[in-house]
Number of protein chains: 2
Amino acid sequence: MSARAGIVITGTEVLSGIISDRNGPWLAGRLRERGVHLAHTTIVGDRPSDLRAALEFQAREGVDVIITSGGLGPTADDLTADVVAEFAGREMQLDEALERRIAAILERLRARWRGEIDEDAMREGTRKQAMVPAGATVLEPVGTAPGLVVPADGVTVLVLPGPPGELQPMWRSALETDALQAALAGAGVLEQRILRLFGPPESEIAKTLRVAESDGVPLDRLEITTCLRRGEIEIATVFEPDATDDYAAFEAAVLERHGATVFARDGETIDELVAAALLGPPVRTVAVAESCTGGLMAGRLTDLAGSSAYVLGGLTVYSNEAKASLAGVDPELIARHGAVSPEVAVALADGAIARLGADLGIGITGIAGPGGGSEEKPVGTVCLSVAERGGARVDRMLQLPGSRAMVRERTTTVALHLLRRLLDGRAA
Amino acid sequence: MSARAGIVITGTEVLSGIISDRNGPWLAGRLRERGVHLAHTTIVGDRPSDLRAALEFQAREGVDVIITSGGLGPTADDLTADVVAEFAGREMQLDEALERRIAAILERLRARWRGEIDEDAMREGTRKQAMVPAGATVLEPVGTAPGLVVPADGVTVLVLPGPPGELQPMWRSALETDALQAALAGAGVLEQRILRLFGPPESEIAKTLRVAESDGVPLDRLEITTCLRRGEIEIATVFEPDATDDYAAFEAAVLERHGATVFARDGETIDELVAAALLGPPVRTVAVAESCTGGLMAGRLTDLAGSSAYVLGGLTVYSNEAKASLAGVDPELIARHGAVSPEVAVALADGAIARLGADLGIGITGIAGPGGGSEEKPVGTVCLSVAERGGARVDRMLQLPGSRAMVRERTTTVALHLLRRLLDGRAA
């Protein structure tokens, strides 16, 4: 029997959609790695009664651990510690040593702010943050807010601050506390595998599952989830270690039907696969000349640390003049075929190679919308070309669905897959 | 008394953090606009019992409407309609006319997929999607999944599909149904205002609230939330229309203490303000030469529709060779001051102007990490320069905290604020 957990994200600004939550997904991943089953994530505003109701709901559902994020700041609307103490039936007490440590952290931080600081306000905030429920284990602050492990009736509450840069290291220190270790003691180890496919529609995956089952592949011990993500299909499977053979049989069935479109068997992203292929040895360098993606292609290639080893740079050529002057596209070509055309994509890829001295070039031109479409070339029309210096090349002209942001993002996904094909010697 | 709503997001892939939820925040915004108070958002996996528990929790909390997203697809793990029917005590029935309409949609879509299609699988999926709870109002599919408005005991459940491109238009058609209008009849109209500040630490805002209150500004009818976002402070306030004077007094207090740092009083983003300033008249054009942001600065400038009117393009100059050959940075300058230096940032801004023929140029060079830092120039060191052709200029050398992704994102925020200052004639 695996341990179960619930997550409670607090903050009116998260609930109201003004900022998006990064902590729920991150914590879910960490729980999964440790074999802890996540039952629910609840998002509540800054009203104490709503937070209290969420804690009680999670506890009633029988979880072993509730993890809260947010509401530990110095201002009056930060109420998580108080509400959790009340839920656990524990008094709030001032931890004076903690108060001194928070004050010392603030001293170092205030050097950054050149305006005047209100000493009283800061002292009051510090005292508030140093109030902890009796019997709780304190987690040292990474920012200024301490975390807490609070034992309650039949459940342990792990209280973490909202900023991801604080929450993440404090999760790791929480794992070292006796209190959290005891609460998670029931956790087994679950395996998780992720297959990624680029190409088939989602209904084909449903069919594959049915075919596999009727062929005698045992699926009942595999928790299989399929989803569409940035134009790719992801098949995530969670299972107990003794169902490894079942997973192997399932994976074989997927590979048999979809082999050519399965690009990752171990959760690797297309970004990571492209990076690894570029790093070689030998290292091959890449450059971009892009129009409708407006820098996002280069931005995505440089997301990964260490990308300076293989990304030389890029040209964002939004205007026709820039296409000509920066990427060397013949203005005649644009006049003849239009800025959004396979011919201009080819010229952009070649221009990226020539202007940056790269081994490989990506050329992108398209209509991201919402305006600029025509009957012949509607919004979502994108032409891509990926080329090797003096060598192979793959080109595509696509009709992508969705909003401006979706068209721009999916275009970068397609380009990475084309680049991977070229790097694997599968241009054709 | 305003109507209350709850949101239930379904999907193991969302709960487990594999994909992030965009529907909860979007629906929250739409509810707020209509004066509906959102109590909780709950995220559940694809287990029917967890979804059922979440529906019961929301109903017990006394909401008038529960909105669900996801779980309406053709595969066996898509169970939302069944669970909601059970929750509402209604039988599932086949809607044959709906089945024919879904089949017609699929006929048009299948043209896209060049592989073989399994006819039986597709027919079975279509039939599943055409099963609706007795007495429910059907919302026409935008993709292939219909939505539902399902009356239950004391609460109305609005069932929407997961893909945001389907959910959003179907929310609008749901608002036109009698069933949902009746459920939301209690909703009043709430006002929402957003102030955005760039500069002060969050504790100063807490102080401002206290000072305002002690000066007699009535805050008790304002629901004020402050949060840090991409390096900016956002103060979001929700209030009933007859508290408009209270809000005006509060806003005046914030402006008095923080006037110089308040850049938006009506929720405008810095991106929108920069776009409006560039559009003039007269239109002024901008170009970018960026290193550590690797294309994200140009990508952010071109996020907005219509940006081709003022963004000429950009140079992503990751390598020193690219800085020299593309942006015309003197290699001597790099050798003397280092690639990350105020001097090189200035040269990049000037290079962007010269190479793209722009009115304004942004130059960015820095160390996004995690590697590449030194004692003198640690990770997070970023030099920015924003210049007018032959005119004013603003430069900054910063030390930004956080991860590689945070450093890259915050750098673009700072650059937009510097650009705005220059456009407002406040360089100095």
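Scroll up a little and you will see the structure.
Described in the following lines is the structure provided in the data block. Per-chain numbering applies: the sequence of each chain, read as written, is numbered from 1 onward. To read the labels, note that chains go from A and ligands from 1, taken in the order they are written. Thresholds applied to this predicted model are a pLDDT of at least 70 for local features of residues and 80 or more for the giving and counting of side-chain atom pairs; totals over whole chains, interfaces and linings are not thresholded and use all residues. Side-chain measures were taken over the full set of non-hydrogen atoms in the model, leaving aside hydrogen atoms and water.

All names here are of chain A. Salt bridges, as used here, are contacts in which a Lys or Arg side-chain nitrogen is within 4 Å of a carboxyl oxygen on Asp or Glu. The full count for this structure, using the stated rule, is 31 salt bridges over all chains. E140 serves as the salt-bridge partner of R101, at 2.6 Å between the closest nitrogen and oxygen. Taken together, the positions of R101 in helix α5 (residues 96-109) and E140 in the loop between β6 (137-139) and β7 (147-151) put the pair 39 residues apart, joining distant regions of the chain. The cut-offs for exposure are 20% and 50% of the maximum accessible area for each residue type, with area from a 1.4 Å probe on protein chains only; residues under the lower value are buried, those over the upper are exposed, and the others partly exposed. You can call R101 partly exposed: its relative accessible area is 34%. Among the ionic pairs, R193 bridges to E191, the shortest N-O distance being 3.4 Å. You can call E191 partly exposed: its relative accessible area is 26%. Taken together, the shared-partner salt bridges connect R52, E56 and E86 into one network. Each helix is a run of DSSP H or I of at least 4 residues and each strand a run of E of at least 2, with the numbering of both proceeding from the N terminus.

Residues and elements named next belong to chain A. Look at the link from P281 to P282: it is a cis peptide, with omega at -5°. If you trace the backbone, P282 turns up in the loop between α11 (270-279) and β13 (286-290). Of note, the amide linkage connecting G369 to P370 takes the cis form, showing an omega dihedral of 0°. Within the secondary structure, P370 is located in the loop between β15 (360-366) and β16 (381-388).

This next bit is on the relation of the copies chain A and chain B. Least-squares superposition of the copies uses the C-alpha atoms of those residues scoring a pLDDT of at least 70 in each of them. At an RMSD of 0.1 Å, chain A and chain B line up after a rotation of 180° and a shift of 0.0 Å along the axis. In symmetry terms, the pair is related by a two-fold rotation axis. The contact definition used throughout considers only heavy atoms, calling two residues in contact when any of these lie within 4.5 Å. Both copies share a contact surface, since 97% of the interface residues of chain A are interface residues in chain B too.

What follows deals with the environment of A275 of chain B. Residues and elements named next belong to chain B. Relative to the elements of secondary structure, A275 occurs in helix α11 (residues 270-279). Accessibility expressed as a relative area gives 8% for A275, which makes it buried. Excluding its chain neighbours within four sequence positions, the residues that come into contact with A275 are L304 and Y310.

Two measures define how a pair of helices packs: the angle their axes make with one another and the distance between the axes. All names here are of chain B. Orientation of α11 relative to helix α16 (residues 404-423), taken along the N-to-C sense of each, is 35°, at an axis distance of 10 Å. In the crossing of α11 with α16, the sense of the turn from one axis to the other is left-handed. In this structure, α11 contributes I270, D271, L273, V274, A277 and L278 to the contact, and α16 contributes L416, H417, L419, R420 and L423. Its residues assigned to classes, the contact of α11 with α16 comprises eight nonpolar, one polar and two charged. Inter-axis angles, ranging from 0 to 180 degrees, are taken between N-to-C directions of lines fitted to C-alpha atoms, where helices are fitted over the stretch in contact. Here a crossing is called left-handed whenever its near helix is offset anticlockwise from the far helix by less than a right angle, and right-handed whenever the offset is clockwise. Charged residues are taken to be Asp, Glu, Lys and Arg, nonpolar residues to be Ala, Val, Leu, Ile, Met, Phe, Trp, Tyr, Cys and Pro, and polar residues to be all remaining types, Gly included.

Next up on the list: the sheet that holds strand β10 (residues 223-229) of chain B. Residue and element names in this part refer to chain B. A pair of strands is labelled paired if DSSP reports no fewer than 2 bridges between them. Overall, antiparallel pairing links the four strands, which are arranged β10-β11-β9-β12 in an open sheet. At either end of the open sheet lies a strand with only one pairing partner, and these are β10 and β12 (262-264). Strand-to-strand twist of the sheet, defined as the mean angle between neighbouring strand axes without regard to direction, takes the value 30°. Direction of pairing for β10 relative to strand β11 (residues 232-239): antiparallel, over a ladder of seven bridges. Bridge pairing links R229 to E232 in β11.

Attention now goes to helix α2 (residues 23-33) of chain A. Working note: α-helix, 3.6 residues per turn, so residues spaced by three or four point in the same direction. When you tally the buried positions in α2 of chain A, you get eight out of eleven residues, the bulk of the element. Regarding α2 of chain A, the residues found buried are N23, G24, W26, L27, A28, G29, R30 and L31 of chain A. Packed against the buried residues of α2 of chain A are β1 (4-10), β2 (37-44), β3 (65-69), β8 (156-160) and α7 (164-175) of chain A together with α1 (12-15) of chain B. Of the residues one or two after α2 of chain A, G35 of chain A is the one with positive phi, at around 75°.

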